[in-house]
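This is what each chain is made of:
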Amino acid sequence: MVIAVASGKGGTGKTMVAVSLALAASEEKTGFRPLLLDCDVEEPNAGLFLDPDYSLHRETGVLVPEVDEDKCTYCGKCAEVCVWNAIAVAGSKTLVFRDMCHGCASCMLVCPEKAIKEILHVTGKIEGGTASSVDFARGVMNIGQAMPVPTISSLLKEYLPREREGLVIIDAPPGTSCPVVEAVSRSDYVVLVTEPTPFGLHDLKAAVDVVVNQLGIQTGVIINRDGIGDMKVEEYCNSENLPILARIPMDRNIAEVLSEGIPLIQGYPEYGKVFLDILNRIRKEMSQ
Ligand code: SF4
Ligand code: SF4
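Residues numbered from 1 in each chain as written. Chains lettered and ligands numbered in written order. Predicted model: local features only at pLDDT ≥ 70, side-chain atom pairs only at ≥ 80, totals over all residues.

### A word on the overall build of the protein
- Secondary structure assignment for the protein yields 10 helices and 11 strands.
- Projecting the C-alpha coordinates of the protein onto the three principal axes gives extents of approximately 70 × 40 × 40 Å.
- Here the protein holds 288 residues, and the buried ones make up 43% of them.
- Partitioning the intrachain contacts of the protein with sequence separation of at least 6 by distance along the chain shows that 73% fall at a separation of at least 24. (Helix = DSSP H or I, 4+ residues; strand = E, 2+ residues; numbered from the N terminus. Buried ≥ 20, exposed ≤ 12 C-beta atoms within 10 Å, placed from the backbone. Contact = placed C-beta atoms within 7 Å.)

Written as structure tokens, this is what we have:
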């Protein structure tokens, strides 16, 4: 089963939840190690809680066009087909703007002179290995790059083959745009983490629209920092028939433990049962 942990906005405790679910599953003694995939490639910090040993390091990126100027006739067909304006002909020069290229290969296919070949434009890397009780892999985007999706795609392609058994937890990027869709679309269930504030409610609604209404993935909600704000998140979940899987209270002690890089259920072992119960509830809902 693949469970993605997402949130409409950053800073809601999404990574804390993802790490806690993975560590709770590792204590189930089911005979397999859960896999935690950190797809928050712009800020991959789940590894800070796990201190993993990486055995795999691989560059990732986009296949971008490289033009053979000896063959190019500057006909402009490549620029005409590129909806991203990532290739242009200026006089007797064909220019490629690699950071705008989405690697669709259309320019290469339409070039009548076969003057274009693809080369890898490195935008990030993936790393994978083991932590003490879980398998762990992450994507890391290079500084200055604008497109997270290629790194997320490479990570999922490497670690999420269709036939994989056992439990996979995905720490998705925050927000509701393309990187989130890429990270959660192969999940069986999505846990949305929010907080009971007007901002939390606004971004939860946006996330529900993408995950439930557009992708059609079964979803539950965890309310973090419960006790601040108001009851509007709860009322919204009830009106949308979204199960509230857990409430984690606003607690300065929890924040202090997390700020030291200690996973919640190691700092406060009583939360092991809370997250185990969440996993069991998700399994039950999935089997209905
Ligand atoms: S389509 Fe081919 S030949 Fe025409 S400008 Fe582009 S690279 Fe050059
Ligand atoms: S590969 Fe696609 S996006 Fe990139 S320059 Fe060619 S047509 Fe444009």
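Structure's up, so let's keep going.
### Some points on the pairing of strand E9 (residues 189-194)
- Taking burial as the measure, the six residues of E9 include five buried ones, the bulk of the element.
- Of the pairings in the sheet, the one linking strand E1 (residues 2-6) to E9 comprises four bridges and is parallel in character. Paired with Val5 across the two strands is Val191, which belongs to E9.
- With six bridges connecting them, E9 and strand E10 (residues 218-226) associate as parallel partners. (Pairing = 2+ DSSP bridges.)

### Some words on the site of ligand 2
- Not every one of the 14 residues close to ligand 2 is listed here, only the nearest: Cys82, Ala86, Cys101, Cys104 and Cys107.
- Here the residues of the shell around ligand 2 are counted per class, giving 11 nonpolar, three polar and no charged. (Near = placed C-beta within 6 Å. Nonpolar A, V, L, I, M, F, W, Y, C, P; charged D, E, K, R; others polar.)

### Some points on the domain arrangement of the protein
- Each assigned domain of the protein is listed with its residue range as follows: domain 1 (2-50 + 131-287) and domain 2 (63-121).
- Placing the centre of domain 1 and that of domain 2 at their C-alpha centroids yields a distance of 39 Å. (Domains from an automatic or database assignment.)

### Some details on the packing of helix H6 (residues 198-214) against helix H7 (residues 232-239)
- Relative orientation of the contacting elements H6 and H7 amounts to 25°, with a least axis distance of 9 Å. One element, H6, and the other, H7, form an angle in the roughly parallel class. On H7, the residues that touch Gly200, Leu201 and Leu204 of H6 are Lys232, Val233 and Tyr236.
- Grouping the constituent residues of the contact of H6 with H7 by class yields four nonpolar, one polar and one charged. (Axes fitted to C-alpha atoms, helices over the stretch in contact; angles between N-to-C directions. Parallel < 35°, antiparallel > 145°, perpendicular 65-115°, else oblique.)

### Concerning the sheet that holds E9
- Spatially, E3-E6-E7-E2-E8-E1-E9-E10-E11 is the arrangement adopted by the nine strands of the open sheet, whose pairing is mixed. Each end of this open sheet is capped by a strand with a single partner; those strands are strand E3 (53-67) and strand E11 (244-249). Pairwise comparison of adjacent strand axes, ignoring direction, gives a mean angle of 20° for this sheet.
- Against the sheet, helix H4 (residues 149-159) touches strand E2 (35-38), E3, strand E6 (116-130) and strand E7 (135-141), its axis set at about 60° to E6.

### Describing the environment of Arg283
- Summarising the element assignment, Arg283 is placed in helix H10 (residues 270-287).
- For Arg283, a count of 13 C-beta atoms within 10 Å corresponds to the partly exposed category.
- Placed 173 residues apart in sequence, Arg283 and Val110 show a C-alpha to C-alpha distance of 49 Å.

### Brief notes about the nonpolar core
- By size, the foremost hydrophobic cluster in this structure holds 79 residues, and its most contacted members are Val5, Ala6, Leu21, Ile169, Ile170 and Leu192.
- The biggest single contributor to this core is helix H1 (residues 14-26), with nine residues.
- Both domains that furnish three or more residues to this core are identified here as domain 1 (2-50 + 131-287) and domain 2 (63-121).
- If near-sequence neighbours (up to four positions away) are discounted, Ile170 is found in contact with Val2, Ala4, Val5, Leu37, Cys39, Ala183, Val184 and Ser187. (Core = buried A, V, L, I, M, F, W, Y, C linked by C-beta atoms within 7 Å.)

### A look at the pairing of strand E8 (residues 168-171)
- Both faces of E8 are covered, namely the face carrying Val168 and Ile170 and the face carrying Ile169 and Asp171.
- Strand direction decides the pairing type here: E1 and E8, joined by four bridges, are parallel. Counted as the bridge partner of Ile3 is Ile169 from E8.
- As judged from the four bridges shared by E2 and E8, these two strands associate in the parallel manner. Of the residues in E8, the one forming a bridge with Leu37 is Ile170.

### Comments concerning the environment of Ala255
- Along the chain, the position of Ala255 falls in helix H8 (residues 252-259).
- Residues Ala255 and Asp277 lie 22 residues apart in sequence; the distance between their C-alpha atoms is 22 Å.

### Section: the packing of H1 against H10
- As a packed pair, H1 and H10 sit with axes 9 Å apart at the nearest point and diverge in direction by 90°. As the angle between them shows, H1 and H10 are arranged roughly perpendicular. Contact residues: Ser20, Leu21, Ala24 and Ala25 in H1; Tyr271, Gly272, Phe275, Leu276, Ile278 and Leu279 in H10.
- The residue inventory of the contact of H1 with H10, partitioned by class, reads eight nonpolar, two polar and no charged.

### Quick word on H1
- With 13 residues, H1 extends 19 Å from end C-alpha to end C-alpha; this agrees with the ideal 18 Å at 1.5 Å per step.
- The buried fraction of H1 amounts to 13 of the 13 residues, a majority that puts the element mostly inside the structure. (Expected span 1.5 Å × (residues − 1).)

### Some details on H8
- The buried count for H8 comes to zero of eight residues, which makes it a mostly uncovered element.
- Looking one or two residues beyond H8, the residue adopting positive phi is Gly261, at roughly 80°.

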